[in-house]
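Chain by chain, the residues run as shown.
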Amino acid sequence: MKNQKLIELLDEEYGKFIDKLKEINFYKSMIRNSKKETLKNLVQQKEESAQIAQNIPDFELFKMSNLVYKNIQGRITGLGFVDKNIDEVIESIEFQHNKQYQWFLVDIFELYIKFVENSYLKIENKYTKLFTFPNKEKKAYFNIIKKLREKDSLLNQFEVGNFYDRDINYNHYIEMIKSLRHAIVHQQGSSTNVNEIYTEMEKYSKDGLDGNFEKIISIYFGTGKFSNMICLNEIFKSENRCSDRLGYLIGIIIVHSELILNSFKRILMDMEEN
């Protein structure tokens, strides 16, 4: 097979992508376990504080670190402490945990983009006219995927879940992740809402959106005062069971990247047959 070496390079690129996801998932697990243990300790302290004395402020019952730095005159200065009770600290921990998860999603989607574009460049080095891009059309990942769909009809079928009896439209989820990522980068992930994400998705979804998809988007948003915030924290059902919202989206990205990898391979193999 004259394209065997090229296929191996594509597998290597995919392997690098997956290795980076493994590393991110490792740190995600560490952060999740650390948060879980911290919250457990805070809840315990809250229960104990109620029994010890009513007049002792909650925030004095646990240590809070103070950032120390040199000011403009070179003097050692402390940033100071935040005056919060335990309930406020718990909410703050959940908020900061979510911010970490938001940026994990941004990083992962950037890796996905890099995987698609690097894979295409490896092929283009040998087949310079594999895809035809108009002068003003960027060789960006979304245009590369568009060209893949035009050349490989199977990709279209797989993207909407027509394989292994999977009833899931991966293309819609990828568009949602792209929109979530944009809101995190440009709106800090907290100045958007379900309707805005849905409207953004409608602009780029190639086969139209089911109105029920708004219900899926709402899973990744908070409620009440957090209704305009993208929320990726785990939703714990019990001590050892939780809905891993970020983990589910990572799985979507992995599957879609594998579909793209296989699409590239099919095109290369078809070129050999013809």
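Note that the coordinates shown come from a computational prediction; the quantities given were computed from them, not determined experimentally. Every chain begins its residue count from 1, and numbering advances along the sequence as written. pLDDT decides what is reported in this predicted model: residues at 70 or higher carry local features, side-chain atom pairs at 80 or more are listed and counted, and totals for whole chains, interfaces and linings draw on all residues regardless. Side-chain figures throughout are based on the complete set of non-hydrogen atoms in the structure, without hydrogens or water.

Draft legend 1. Summary view of the packing of helix H2 (residues 86–124) against helix H3 (residues 141–151). Where helices are involved, their axes are fitted lines through C-alpha atoms of the stretch in contact, as for all axes, and angles between N-to-C directions lie from 0 to 180°. Each helix is a run of H or I in the DSSP string that is no shorter than four residues. Each strand is a run of E no shorter than two, and both are numbered from the N terminus. Relative to each other, H2 and H3 sit at 55 degrees, their axes nearing to 9 Å. By the angle between their directions, the pair H2 and H3 is classed as oblique. Where H2 crosses over H3, the handedness of that crossing is left-handed. Residues Phe-109, Tyr-112, Ile-113, Val-116, Glu-117 and Tyr-120 of H2 lie in contact with H3, whose contacting residues are Tyr-141, Ile-144 and Ile-145. Across the contact of H2 with H3, the residue classes tally to eight nonpolar, no polar and one charged. The cut-offs work like this: below 35 degrees is roughly parallel, past 145 is roughly antiparallel, 65 to 115 is roughly perpendicular, and the gaps in between are oblique. Should the near helix be turned anticlockwise from the far one by less than a right angle, the crossing is termed left-handed; should it be turned clockwise, right-handed. Any two residues having at least one pair of non-hydrogen atoms within 4.5 Å are treated as being in contact. Three residue categories are used. Nonpolar comprises Ala, Val, Leu, Ile, Met, Phe, Trp, Tyr, Cys and Pro, charged comprises Asp, Glu, Lys and Arg, and polar comprises the others, including Gly.

Draft legend 2. Geometry of the side chain of Arg-149. Looking at where Arg-149 falls in the secondary structure, it is placed in helix H3. Whether a residue is buried, partly exposed or exposed follows from its accessible area with a 1.4 Å probe, protein chains only, as a fraction of its type maximum: under 20%, in between, or over 50%, in that order. Taking relative accessible area as the criterion, Arg-149 reaches 17% and is therefore assigned buried. Polar contact criterion, stated in full: a pair of N or O atoms within 3.5 Å, where within protein one must be able to donate a hydrogen and the other to accept it, and residues adjacent in sequence count only if both atoms are side-chain atoms. A distance of 2.9 Å separates the side chain of Arg-149 from the side chain of Asn-171, its partner in a polar contact.

Draft legend 3. The arrangement of a nonpolar patch on the surface in detail. Taken together, Phe-26, Tyr-27 and Met-30 make up a surface patch of nonpolar side chains, about 320 Å² in accessible area. Within the secondary structure, Met-30 sits in helix H1 (residues 4–52). Owing to a relative accessible area of 44%, Met-30 belongs among the partly exposed residues under this scheme. Here, patches come from residues exposed beyond 30% relative accessible area and free of salt bridges, joined within 9 Å for like charges and within 5 Å for nonpolar side chains (Val, Leu, Ile, Met, Phe, Trp, Tyr). Working definition of accessibility: Shrake-Rupley area with a 1.4 Å probe, residue cover restricted to the visible protein chains. By definition here, a salt bridge exists when the distance from a side-chain nitrogen of Lys or Arg to a carboxyl oxygen of Asp or Glu is within 4 Å.

Draft legend 4. Representation of the pattern of salt bridges in the model. This model, assessed by the stated rule, comprises 13 salt bridges. Residue Asp-244 pairs with Lys-28 through a salt bridge whose shortest N-O separation is 2.8 Å. Taken together, the positions of Asp-244 in the loop between strand S4 (242–243) and helix H8 (245–273) and Lys-28 in helix H1 put the pair 216 residues apart, joining distant regions of the chain.

Draft legend 5. Focus on the side chain of Lys-265. With respect to the element layout, Lys-265 can be found in helix H8. Among the polar contacts listed, one links the side chain of Lys-265 to the side chain of Asp-11, at a separation of 2.6 Å. The residues contacting Lys-265, other than those within four sequence positions of it, are Ile-7 and Asp-11.

Draft legend 6. Focus on the nonpolar core. Only buried Ala, Val, Leu, Ile, Met, Phe, Trp, Tyr and Cys residues count toward a nonpolar core, and they belong to the same one when joined by side-chain atoms within 4.5 Å. Core analysis: the biggest nonpolar cluster contains 63 residues, and Tyr-112 and Met-176 have the highest contact counts within it. Elements represented by at least two residues in this core include exactly H1, H2, H3, helix H5 (170–187), helix H6 (194–204), helix H7 (213–218) and H8. The element contributing the most residues to this core is H2, with 13 residues. Every residue in contact with Met-176, bar those within four places of it in the chain, is listed here: Ile-197, Met-201, Phe-213, Ile-216, Ile-217, Tyr-220 and Leu-249.

Draft legend 7. Broad picture of H6. Residues of H6 that are buried: Val-194, Ile-197, Tyr-198 and Met-201. Down the axis, H6 shows its buried residues gathered within 100 degrees of arc, on one side only. The inward-facing, buried residues of H6 contact H5 and H7. For H6, the capping residue at the N-terminal end is Asn-193, with a side-chain oxygen 3.1 Å from the backbone nitrogen of Asn-195. Arc, as used here, means the arc of the directions from the helix axis to the C-beta atoms.

Draft legend 8. Spatial organisation of unusual backbone geometry. Despite not being glycine, Gln-188 has its phi angle at roughly 60 degrees, a positive value. By the secondary structure assignment, Gln-188 is in the loop between H5 and H6. Judged by relative accessible area, Gln-188 falls into the partly exposed class, the value being 47%.

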